[in-house]
Amino acid sequence: MIRIFRAPLAVTAVCLALAACSGGSTTAGPDATGPASAQPGSAPAGKGDGTLAVGTVLPQTGSLAYLGPPMFAGVDLALKEINEAGGVLGRPVTKSDTDSGDSTTNIAGQAADRLLTQKVDAIIGAASSSVSESIIDKITRAGVVQFSPANTSDTFTTINDKGLYFRTAPPDKLQGRVLGDVVAADGNDTVGILAMQDSYGTGLADQVTRSAEEAGATVVERVDYDPKAADFSADVAKIKAKNPKGIVLIGFQETAKVVQELVKQGLTADKHKWYMVDGNMSNTNYAKMPKGTMKGVKGTLPGAAAPEAFQKRLPAVNGELAEYTYATESYDALILIALAAEAGKDDSGTSIAAHLVEVSKTGERCTSFKQCADLLRAGEDIDYDGVSGPVDFNDVGDPTVATIGIYQYGADNTFDAAKAIEYRRGNIAG
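Notes on the structure follow. Remember, it's a predicted structure, so these values are computed and weren't measured experimentally.

The rules we used
- Residues numbered from 1 in each chain as written.
- Predicted model: local features only at pLDDT ≥ 70, side-chain atom pairs only at ≥ 80, totals over all residues.
- Heavy atoms only, no water.
- Helix = DSSP H or I, 4+ residues; strand = E, 2+ residues; numbered from the N terminus.
- Core = buried A, V, L, I, M, F, W, Y, C linked by side-chain atoms within 4.5 Å.
- Buried < 20%, exposed > 50% of the residue type's maximum accessible area, 1.4 Å probe, protein only.
- Contact = heavy atoms within 4.5 Å.
- Salt bridge = Lys/Arg side-chain N within 4 Å of Asp/Glu carboxyl O.
- Arc of directions from axis to C-beta.
- Patch = residues over 30% accessible without salt bridge, like charges linked within 9 Å, V, L, I, M, F, W, Y side chains within 5 Å.
- Areas by Shrake-Rupley, 256 points an atom, 1.4 Å probe, with all protein chains shown as cover.
- Lys, Arg positive; Asp, Glu negative; His and termini not counted.
- Charge placed at Lys NZ, Arg CZ, Asp CG, Glu CD.

## Description of unusual backbone geometry
Of the consecutive residues Gly125 and Ala126, the connecting peptide bond is found in the cis state with omega at 0°. With respect to the secondary-structure elements, Ala126 resides in the loop between strand 6 (122–125) and helix 3 (129–141). Phi is positive for Lys345, close to 50°, though the residue is something other than glycine. Its location among the elements puts Lys345 in the loop between helix 9 (327–344) and helix 10 (349–360). The backbone phi angle of Asn413 is positive, close to 65°, even though this residue is not glycine.

Laid out in C-alpha cells, this is it:
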C-alpha cells in the first residue's frame, strides 16, 4: 500500500512496504566477512597495509558518460575533505580513476584488472548495473569492496557478493513504484513502455508496469529494445499502434534516438505524456533538439536534493558541473568506506565490508567525515547520515530508506538538476 501526499516543490513522504525495496589517473590527497546477499563462499581475509587505496570504475565514455562528471566530483570532494581532516588511519587516502565504458565494451573489465593489480582496497562503481554485474565476481574474489553509487537493479539484493558489495542508490523497486504511481496519477489510463533490454531496463520496466497497473492504469504495449540498434522505428511503431496516453522511456544515451523517432511518428510530448528515469534524465542529451521537444516531460532520479552547502562545495573539484545526478551518492560512498576503515582500524576490503553496516546506523548521529571519525577515535559508535540521505544499510548492503525526486523538463529541453518538483521518501524492507 502506498500513502502519497503531493506537495510541489516540497518534500513528500511516501510509506512503501517493499519486499526488497544503474586509462586512468591517480590522485593522492593529504578479519571477518561482512553481511552478504548470498555467500556460499567467503571473501579472502586480509590485513591492510595502513593506506586506504580506492579505485573508481565510472563512466568517462559510453552511453552513461554524461553521468561521469557529477560522480567523479562527488568522490573527489569526499577525498579532499577526508584528507584535509587527516586521512584514514593517520595516512592520506589514495585514489585511482578508470573508465567503465558501457555494456557494449570490456573497458570496465580491463579497468578492474588494472585496479586490482594496484591492490586497491575498495572500488567505487560501476554506474551501469549490467557493467557492475560483469565485474563483480573478479572484484569480490579478490577480497575487495565494490561500492556502487548508481546501481539500481534489483539483482544486487540477492547476488553472490561474498558480503563485499554495497550501494547508496536504492533498488529499482522503489523508483519503479514511484514512477508507476506518478504515471497513473497524471491521468494516463493507458501506458506504453519502451525499455532497453538489460537487467536495469527490464527490471525497472517490470516494476513500473506492476505499480501503474496497481494504481489503475493499463500497460497496453511494452517493447524491450536492443540499445545498440541503429534504428528504433519498428519499436516506436508498436507503441504508436496502441496509442497510449502515457509513454515511459527506460534507457541510457540511446534514448535521444528513441525521442527523435517518437517525434517523427507523431508521438510528441504535447500529445502524449512522456516519462523518463535516472538512466536517461540528462541536461545534455537533448539540448540540441528543437525547442520544446522535451517540454513537460517528467522523470525520476533516486536521491534527495543535493544540499545547497554541498552544491557550493562541488566547484572546488569541478566548477563546470551541469548535472548533479549521483554526486551525493558517490560522495557518501567514499565517506562510508573511509569510516568503515577507521571503525575496524584496518583498510583491507574484508574489514571495511564488515564495518560498513555499523557505521551507517544505530550509533551517535554525525554528518561529516571529520565529525564521525572523531567520534570513532573516541570509542563511540556512529550513525553516518549522508548528503544523499540517512543510508542505513540492511544486511545485504542496500539502503533501507531512500528518496526519489520527480523532475520536469522545460521548453529549453533541460530540467533543474538542483531541485525536483517533488520528493518522495520510501522505506525499503528486506
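Back to the text.
## Overview of the nonpolar core
Ranked by size, the top nonpolar core spans 113 residues in total, and within it Ile250 and Leu339 carry the most contacts. Per element, the largest residue contribution to this core is twelve residues, and it comes from helix 9. Ignoring any residue separated from it by four or fewer positions in sequence, one finds Leu339 in contact with Val359, Phe369, Cys372, Ala373, Leu376, Ile382 and Tyr384. Ala108, Ala111, Ala126 and Val144 belong to the second-largest nonpolar core, a separate cluster that totals twelve residues.

## Some details on the pattern of salt bridges
If you walk through the whole model with that rule in mind, you get 20 salt bridges. The residue Asp189 makes a salt bridge to Lys245 at a minimum N-O spacing of 3.3 Å. Of this pair, Asp189 sits in the loop between helix 4 (172–185) and strand 9 (190–196) while Lys245 sits in the loop between helix 6 (233–242) and strand 11 (246–250), and the two are 56 residues apart along the sequence. With a relative accessible area of 38%, Asp189 lands in the partly exposed category. Judged by relative accessible area, Lys245 falls into the partly exposed class, the value being 42%. Ionic pairing is found between Asp385 and Arg365, a salt bridge with its closest N-O pair at 2.8 Å.

## Points about helix 6
Three or more residues of helix 6 are buried, namely Asp235, Val236 and Ile239. On an axial view of helix 6, the arc spanned by its buried residues comes to 90°, and they lie on one face.

## A look at a negative patch on the surface
Taken together, the side chains of Glu358, Glu364, Glu380 and Asp381 define an acidic patch exposed on the protein surface. Structurally, Glu364 can be placed in strand 14 (residues 364–366).

## Here's the deal with the environment of Met281
Within the secondary structure layout, Met281 lies in the loop between strand 12 (273–276) and strand 13 (298–302). The sequence separation of Met281 and Gln253 amounts to 28 residues, and the corresponding C-alpha distance is 9.1 Å. Those residues in contact with Met281 that sit more than four places away from it in its chain are Tyr66, Met276, Gly299, Thr300, Leu301, Glu323, Tyr407, Tyr409 and Phe415.

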